[in-house]
Amino acid sequence: MKVVCTDLVYHKGFAFSIDSCGLDQKQFLNEAKDACSQAVQRARDERDAVFRQTQQLQQELEVLKRRRNRRSDAGFSLKFALLVGLIGLMVGFLLKLLMSSPSTE
């Protein structure tokens, strides 16, 4: 039995292009099977590549989180240092005003 030139083969919802001119039914089915196997392998390869990329991005995110935590644990924050300095200036200014006021003797 000869199969007449069919361009597309549908298998499990996927379309595969196969040149079937001059192929008998067995050769045609083998070509379709090979095309399907290649498509499945490409999908698996893509899945594996995406999985590796996801793992790499997660590792990079962990490294960035560790770096951020190290920087924040490095000592006093700049906001805290500015607040202490501002309080120190205000206390110094008040003491200067209190010490420079004329005594009432």
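Residues numbered from 1 in each chain as written. Predicted model: local features only at pLDDT ≥ 70, side-chain atom pairs only at ≥ 80, totals over all residues. Heavy atoms only, no water.

### Remarks on the overall build of the protein
- Along the backbone of the protein there are 2 helices and 2 strands.
- Listing every helix and strand of the protein by position from the N terminus yields β-β-α-α.
- Taking all 105 residues of the protein together, 9% fall into the buried category.
- In the form shown here, the protein has an accessible surface area of approximately 9800 Å², with 60% of it arising from carbon and sulfur atoms. (Helix = DSSP H or I, 4+ residues; strand = E, 2+ residues; numbered from the N terminus. Buried < 20%, exposed > 50% of the residue type's maximum accessible area, 1.4 Å probe, protein only. Areas by Shrake-Rupley, 256 points an atom, 1.4 Å probe, with all protein chains shown as cover.)

### What to know about the UniProt feature "transmembrane region" (unreviewed entry) in the protein
- UniProt's feature table lists "transmembrane region" (unreviewed entry) at residues 76–99, given in the numbering used throughout.
- Secondary structure within residues 76–99 divides into 92% helix and 0% strand; the distance between the first and last C-alpha atoms comes to 32 Å. (UniProt positions renumbered as here; feature names shortened; annotations may be inferred.)

### Considerations on the pattern of salt bridges
- As enumerated under the stated definition, the model contains 1 salt bridge in all.
- Between Asp-48 and Arg-47 there is a salt bridge; the shortest N-O distance is 3.3 Å.
- Residue class for Asp-48 comes out partly exposed when judged on its relative accessible area of 31%.
- The exposure class of Arg-47 is exposed, given its relative accessible area of 53%. (Salt bridge = Lys/Arg side-chain N within 4 Å of Asp/Glu carboxyl O.)

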